[in-house]
Structure formats: C-alpha cells, structure tokens
Amino acid sequence: MIPFADLHCHSTYSDGTATPAEIVDLAVSLHLKAVSLTDHDSTLGLEELYKAAKAKGLEMISGVEFSCHVDQESVHLLGYGFDPDAPSIKKLQEKHLLRRSTRNEEIFKKLHRLGIKVDPSEITAQGIIGRPHIAELLVKHKIVGSMQEAFKKYLGEGKLAYVPAYTITVNETIDVIHAAGGVAILAHPHLIDSIPLLNKLLQSPFDGIECYYSNFTPEENARWVKRAQRRNWLETGGSDYHGLNKPYVKYGCTTVDEEHFRKLQNACR
Ligand code: AMP
Ligand code: FE
Ligand code: FE
Ligand code: ZN
C-alpha cells in the first residue's frame, strides 16, 4: 500500500496543537498526496487547510468529527466530503458551541467547589473549547502533572469535576452530514465496548467504518474491514493526531491508499 492520506487529525481549531497549515506541511514531509482535517464539532479550520493544501499542490477532502450519543453512550462520528457552508452543518456547529459553553461553565463551577480556582478566561483557543483545554490549564497551574492525570482525577467520566455531554443523536448527526452532501463514518469503533450498542450502530445509516486507526494491529484492521465489506460500506483510516496533546500519536502513523481515498471522494455529492 502506498500511503495517500491521513484522514483523522485535529488542529488548533479544536484540541490539536498544530495549525492546519502545519498539518499540510507534515503531509508534504511524509509524501502524502491528500489531506483532511477532523476537528471536534467544528469546520472552522477547513478554510486554512484548503488554502495551504492548494499552495502545496495537495488534494483535500472536507472533514469533521462530531460528538453524538446513542442510548446515553458517547459516540464519535466522522463526516467527509460535505459542504462546510451547508445550513445543516452551520446549525449543528452552533448547537455544539452552545452546549459546550454551558458544559464548560459547569465543569469550572465543579472545580471551584473543589477549591481549584482556575480562570476560564485564560483559555485563548481559536476554535472549539473542550475538556482538553481545561486539562491543559490544570497542568499549567500545576494542579496535576499531566493531561492524563487531569482526566484521571477530574475530567474523565465519573471523576470529581465530570459533567456529562448533552449532544445530539447519532441518527440526527448522520442526517445533517447527508443533507450537506457528505458521508458519515463510525469513528474508532473499538472504543465502543458494549456489543449490543455496537450492533445497533452497525445497523444505523452510516456509510462506512474507520477500519484503520492509530495503533491498530493488522488483525484489528481486518476485523473492521470485514464488517465494512459485509455492508458494502466505505473503509477509512487515520492517526487521530492531536500534536503535543497526544505526543505518542504521530501524524501519518495510519493512512489510506489512493483507492480508498477515491472511493470516499466518489461517495460524496
Ligand atoms: P470533550 O469533547 O470536551 O468531551 O473532550 C473529549 C476529548 O478529550 C477527546 O476527543 C480527547 O481528545 C480528549 N481526551 C479524552 N480522554 C482523555 C484522556 N484520558 N487523556 C487525554 N485526553 C483525553
Ligand atoms: Fe480530541
Ligand atoms: Fe474521537
Ligand atoms: Zn479524533
């Protein structure tokens, strides 16, 4: 397989530390031929990505990673090849901005009640703000030694300052992406540990599965490829690069070849 594109990564427009232009530079340095960007609940970085990709002669496909839920379980859904200016996409982004600002306020309230007086105005991110930004703040103020510890002690599910995310459903999110001409892919499916839930998701109107992911072994890839092929679904793949926020994940450590990329492209309107 000749690596063509890493289809899953995060920039400074969500919880990554590389700008979209820096991601394009990374792709060039690895001799990849196309890029995408899948920031959490935001397409704001796509314009910068598009400009940088064009300047460097790389192809680009639009991308996003929407947070959603089914039966109170959190699920991540990747969208590709949609029109970022479509009203359905714009509306969903607004919804996520609103629910995140309410949730972040609640997280800070919980932290304050625990005697941790960190100030939300210190977060100066240019895009979506989520738990990783709060984790960074806790590291900066030496409340914890690492992002991991921030999640383990305070921000992870069920921990001291945890606040559940009230997102929208998987099916509604799939509809939004379809309405914008794109395809909906089940992200990092191995993170779903309930078998009934996984089966339910595999019966939802997805267009594909993220079969190749970060540190997957060939056996793990094959497991998901089999499931995708059985449904005649697309197979996508990527690193889930977050820059320095997940230093153990390198950009381009997982990629797809040109054939997979073209199939993805051709499935979009
Ligand atoms: P949010 O969307 O605000 O709920 O934050 C979720 C994001 O936090 C995920 O996409 C990861 O990037 C990050 N995250 C979740 N758990 C951890 C962890 N244990 N360590 C570091 N980052 C994490
Ligand atoms: Fe993330
Ligand atoms: Fe994810
Ligand atoms: Zn991701």
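Each chain has its residues counted from 1, running along the sequence as written. Each chain is given a letter, starting from A, and each ligand a number, starting from 1, according to the order in which they appear as written. For this predicted model, a pLDDT threshold of at least 70 governs which residues receive local features, and a threshold of 80 or more governs which side-chain atom pairs are given and counted, while totals over whole chains, interfaces and linings are taken from all residues. Only hydrogens and water are set aside; all other atoms, that is, all heavy atoms of the structure, feed into the side-chain values.

**Considering the coordination of the iron ion (ligand 3)**
Where we set the bar: The rule for donors is simple: N, O or S, within 2.8 Å of the metal, or within 3.2 Å if the metal is Na, K or Ca. Water isn't counted, so a site may look like it is missing partners. Secondary structure elements follow DSSP: runs of H or I no shorter than four residues count as helices, runs of E no shorter than two count as strands, and numbering proceeds from the N terminus. Burial classes follow relative accessibility: with a 1.4 Å probe on protein chains only, a residue under 20% of its type's maximum area counts as buried, one over 50% as exposed, and anything between as partly exposed.
Within the protein, the atoms that donate to the iron ion (ligand 3) are Glu65 (OE), His76 (ND1) and His188 (NE2), at distances of 2.0 to 2.3 Å. Between consecutive donors of the iron ion (ligand 3), the numbers of intervening residues give the motif E-x10-H-x111-H. The distance between the iron ion (ligand 3) and the iron ion (ligand 2) is 5.8 Å. You can see His76 sitting in strand 5 (residues 73-80) and its partner His188 sitting in the loop between strand 7 (183-186) and helix 7 (195-202), a full 112 residues away along the chain. On the basis of relative accessibility, which here comes to 21%, the residue His76 falls in the partly exposed class.

**Describing the sheet that holds strand 3 (residues 59-60)**
Rules: One bridge is not enough; two strands pair if DSSP finds at least two bridges between them.
With respect to topology, three strands assemble into an open sheet ordered 1-2-3, the strand pairing being parallel. Because the sheet does not close on itself, it has two edges, and the strands there are strand 1 (5-6) and strand 3. As paired elements, strand 1 and strand 2 (residues 34-35) share two bridges and run parallel to each other. Across the sheet, residue Ala5 finds its bridge partner in strand 2, namely Ala34.

**Topic: the state of the cysteines**
To keep it simple, the criterion reads: The criterion for a disulfide is a pair of cysteine sulfur atoms lying within 2.5 Å.
Evaluation of the coordinates by the stated rule reveals zero disulfides. You can see Cys68 has no disulfide; the closest cysteine sulfur is in Cys268, sitting 18 Å from it.

**Topic: the site of ligand 1**
Stated precisely, the cut-off is as follows: Each residue is tested against the molecule or strand, and it is near if at least one of its non-hydrogen atoms lies within 4 Å. Pairs of N or O atoms are called polar contacts if they sit within 3.5 Å, as long as, within protein, a hydrogen donor faces a hydrogen acceptor (for residues adjacent in sequence, only side-chain-to-side-chain pairs). Per-residue accessibility takes into account occlusion by the displayed protein chains alone, with areas from the Shrake-Rupley method and a 1.4 Å probe. Amino acids are sorted into nonpolar (Ala, Val, Leu, Ile, Met, Phe, Trp, Tyr, Cys and Pro), charged (Asp, Glu, Lys and Arg) and polar (every other residue, Gly among them).
Close to ligand 1 lie Asp15, His40, His76, Arg100, Arg103, Gly130, Arg131, Pro132, Gln148, Phe151, His242 and Lys246. The contact in question runs from a nitrogen atom of ligand 1 to an N or O atom on the side chain of Gln148, over 3.4 Å. With the chains in place, 79% of the 500 Å² that ligand 1 exposes on its own is no longer accessible. Among the secondary structure elements, those contributing two or more residues to the shell around ligand 1 are helix 3 (87-113), helix 4 (131-140) and helix 5 (147-155). Tallied by class, the residues present in the shell around ligand 1 amount to two nonpolar, five polar and five charged.

**As for the coordination of the iron ion (ligand 2)**
Distances from the iron ion (ligand 2) to its protein donors, Asp15 (OD), His40 (NE2) and His242 (NE2), fall at 2.0 to 2.2 Å. As a motif over one chain, the donors of the iron ion (ligand 2) read D-x24-H-x201-H. What makes Asp15 buried here is its relative accessible area of 8%.

**Notes on the pattern of salt bridges**
This is how the line gets drawn: By definition here, a salt bridge exists when the distance from a side-chain nitrogen of Lys or Arg to a carboxyl oxygen of Asp or Glu is within 4 Å.
In this structure the tally under the stated criterion is 12 salt bridges. Its salt-bridge partner being Asp71, residue Lys200 comes within 3.0 Å of it at the nearest N-O pair. One end of the pair, Lys200, is in helix 7; the other, Asp71, is in the loop between strand 4 (63-70) and strand 5, and 129 residues separate them in sequence. Overall, the relative accessible area of 49% leaves Asp71 in the partly exposed class. With its nearest N and O atoms 3.6 Å apart, the salt bridge here joins Lys263 to Glu259. In this pair, Lys263 and Glu259 both sit in helix 9 (residues 258-267), four residues apart, roughly one turn of the helix.

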